[in-house]
Amino acid sequence: MALGNFSQVTEFILLGLSDTRELQVLFFTFFLLAYAMVLLGNLLVIVTVRTDPKLSSPMYLLLCNLSFIDICCTSVTSPRMLVDLLSQRKAIAFEDCIAQLFFLHFVGASEMFLLTVMAYDRYTAICKPLRYTAIMSQQVCWVLVSACWAGGFVHSTVQTLLIVRLPFCGPNTIDNYFCDVPPVIQLACTDIYVTEWLMASNSGLISLVCFLVLVTSYMFILVTIRVHFTEGHWKVLSTCASHMMVVTLFFVPCIFIYLRPFSTFPSDKHISVIYTVFSPVMNPLIYTLRNSEVKASMWKLWK
């Protein structure tokens, strides 16, 4: 039985990324390799951080949590997408669609909050190095990580409750490869003007505010480096640039998709690939391969 009141729709049909068989096989190969890279890369980061006592600072604790979130985020959408790419009929039950939507926003919002905390951690380490251990202690770090997960849960719960109260009586075709807020609520058999603005103010504003906080923290870092520039700050500048690249890759598509009226501007499923697939692939590469301590620990673990 459907979750929503008066809903007659018991399943949705996902159109996927393409209806051409050759492209579906090509996409399957590409996304299978990408999913494998996400799992192997992030699991390697988690094992490395957890097994090396030298990597016990708050920065590596946050990095370990980011890798875990990336695994969860891509696992919400990728396995289903891979199965559908080889299936003739891409149907998903109403309850499964709502569950996928809930967990996607749960881990997605948690990752936004965590990336913001990681930027604050780098700002504290570079701009206030003498007070870093007092400001970012292990206890404070765990509190911030817990707050990120709690914030993601609250955000996703609000989104899901707004959707399950809507009636769905047809059509049931979703022009996407997973269940997300914009394409799902457009299928509701009622006026969604208020609902879509509530959802846009929820998801869109969270994305925008977190991104602005991130940009502000990196601006403070760049100002500090400019005033007290030393030879070692070249590495900091290069690291900040790479971090901003991967952060932009994650936040800008989310802002573009969620911070606007869903019915007026239909979502682009190809843009969704950026933050559901590409960003989880890039995170372990950017945050670890540019870190000499992590690379040394990985080499020791390998040997």
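Residues numbered from 1 in each chain as written. Predicted model: local features only at pLDDT ≥ 70, side-chain atom pairs only at ≥ 80, totals over all residues. Heavy atoms only, no water.

The line we're drawing: UniProt positions are given in the numbering used here, feature names are shortened, and annotations may be inferred rather than shown by experiment.
By the naming in an unreviewed UniProt entry, the chain goes by Olfactory receptor and is assigned to Accipiter nisus. In its Sequence similarities (unreviewed entry) section, the UniProt record describing the chain reads: "Belongs to the G-protein coupled receptor 1 family."

Here we look at the side chain of Asp84
As a reminder, the rule being used: The way it works is that DSSP assigns letters per residue, a run of H or I at least four long becomes a helix, a run of E at least two long becomes a strand, and they are numbered from the N terminus. Only protein chains enter the area calculation, which uses a 1.4 Å probe; residues under 20% of their type maximum are buried, those over 50% are exposed, and those in between are partly exposed. By definition in these notes, contact holds between two residues if any of their heavy atoms fall within 4.5 Å.
Structurally, the position occupied by Asp84 is in helix H2 (residues 58-85). By relative accessible area, which is 6% here, Asp84 ends up buried. Residue contacts for Asp84: discarding those within four places in its chain leaves Leu14 and Lys90.

Overview of a nonpolar patch on the surface
Our working definition: A residue counts toward a patch only above 30% relative accessible area and without a salt bridge, and it is joined to like-charged neighbours within 9 Å or, for Val, Leu, Ile, Met, Phe, Trp and Tyr, to nonpolar neighbours within 5 Å. Only the protein chains shown count as covering a residue, and every accessible area follows the Shrake-Rupley method with a 1.4 Å probe. Salt bridges are identified by distance alone: a Lys or Arg side-chain nitrogen within 4 Å of an Asp or Glu carboxyl oxygen.
Side chains of Tyr193, Val194, Trp197 and Leu198 sit close together on the surface and give an oily, nonpolar patch of about 430 Å² of accessible area. Along the polypeptide, Trp197 turns up in helix H7 (residues 193-227).

Here we look at the nonpolar core
In plain terms, the rule: As used here, the term nonpolar core means buried Ala, Val, Leu, Ile, Met, Phe, Trp, Tyr and Cys residues forming a set that is joined through side-chain atoms within 4.5 Å.
Grouped together as the largest cluster of nonpolar side chains are 65 residues, with contacts concentrated most on Phe31, Leu62, Leu114, Leu115, Phe251 and Tyr287. Broken down by element, the residue count for this core peaks at 13 residues, all from H2. Residue contacts for Leu115: discarding those within four places in its chain leaves Leu66, Leu214, Phe250, Phe251 and Tyr287.

As for the sheet that holds strand E1 (residues 11-14)
Definition in use: The pairing criterion is simple: DSSP has to find at least two bridges between the two strands. Think of each axis as a best-fit line through the C-alpha atoms, taken over the contacting stretch in the case of a helix, with angles from 0 to 180 degrees between the N-to-C directions.
One open sheet accounts for 3 strands, arranged E2-E1-E3; its pairing is mixed. In this open sheet, the two strands that pair with only one neighbour each are strand E2 (91-93) and strand E3 (173-174). Contacts from helix H3 (residues 94-127) reach E1, E2 and E3 within the one sheet, and its direction differs from that of E2 by about 85 degrees.

Things to note about the packing of H2 against helix H5 (residues 138-164)
This is how it is decided: For classification purposes, an angle smaller than 35 degrees is called roughly parallel, one larger than 145 roughly antiparallel, one from 65 to 115 roughly perpendicular, and anything else oblique. Here a crossing is called left-handed whenever its near helix is offset anticlockwise from the far helix by less than a right angle, and right-handed whenever the offset is clockwise. Nonpolar residues are Ala, Val, Leu, Ile, Met, Phe, Trp, Tyr, Cys and Pro. Charged residues are Asp, Glu, Lys and Arg, and all others, Gly as well, are polar.
Two numbers describe how H2 lies on H5: the axes approach to 10 Å, and their chain directions differ by 20 degrees. The angle between H2 and H5 places the two elements in the roughly parallel class. Relative to H5, the crossing made by H2 is right-handed. Of H5, the residues touching H2 (which contributes Pro58, Leu61, Leu62, Asn65, Phe68 and Ile69) are Gln138, Cys141, Trp142, Val145 and Trp149. When grouped by side-chain class, the residues that make up the contact of H2 with H5 number 9 nonpolar, 2 polar and no charged.

Brief notes about the state of the cysteines
Our working rule: Disulfide assignment relies on a single distance test, namely cysteine sulfur atoms paired within 2.5 Å.
In total, this model carries 2 disulfides according to the counting rule given. Between Cys97 and Cys179 runs a disulfide, and the two sulfur atoms are separated by 2.0 Å. On the sign convention where negative is left-handed, the bridge of Cys97 and Cys179, at about -120 degrees about the S-S bond, is left-handed. Of this pair, Cys97 sits in helix H3 while Cys179 sits in the loop between E3 and helix H6 (181-185), and the two are 82 residues apart along the sequence. Grouping residues by exposure puts Cys97 and Cys179 together as buried. Residue pairing for Cys169: its cysteine sulfur links by disulfide to Cys189, the two sulfurs lying 1.9 Å apart. Of note, the bridge from Cys169 to Cys189 carries an S-S torsion of about -125 degrees and is left-handed in sense. Linking Cys169 in the loop between H5 and E3 with Cys189 in the loop between H6 and H7, this pair joins segments that are 20 residues apart in sequence.

Observations concerning the environment of Asp121
Tracing the sequence through the fold places Asp121 in helix H3. For the pair Asp121 and Tyr132, spaced 11 residues apart in sequence, the C-alpha separation works out to 8.4 Å. Residues contacting Asp121, with those up to four places away along its chain left out, are Pro58, Met59, Leu62, Tyr132 and Met136.

Quick notes on the packing of aromatic side chains
Quick reminder of the rule: Ring pairs are drawn from Phe, Tyr and Trp, using the six-membered ring of Trp, whenever the two centres fall within 6.5 Å, and their geometry is named by plane angle: stacked under 30 degrees, edge-to-face over 60, tilted for the rest.
One pass over the full model with this rule turns up 18 aromatic pairs. Measuring from centroid to centroid gives 5.6 Å for Phe106 and Trp149, while their planes differ by 70 degrees, and the two rings are edge-to-face. Taken together, the residues span a long stretch of sequence, with Phe106 in helix H3 and Trp149 in helix H5 at a distance of 43 residues. The exposure class of Phe106 is buried, given its relative accessible area of 16%. Here the aromatic rings of Tyr193 and Trp197 are separated by 6.5 Å at their centres, their planes lie at 65 degrees, and the arrangement is edge-to-face. With a gap of 4 residues between them, Tyr193 and Trp197 both fall in helix H7, about one helical turn apart. Judged by its relative accessible area of 39%, Trp197 falls in the partly exposed class. Among the aromatic residues, those joined into a ring-pair cluster are Phe68, Phe102, Phe103, Phe106, Trp149 and Phe153.

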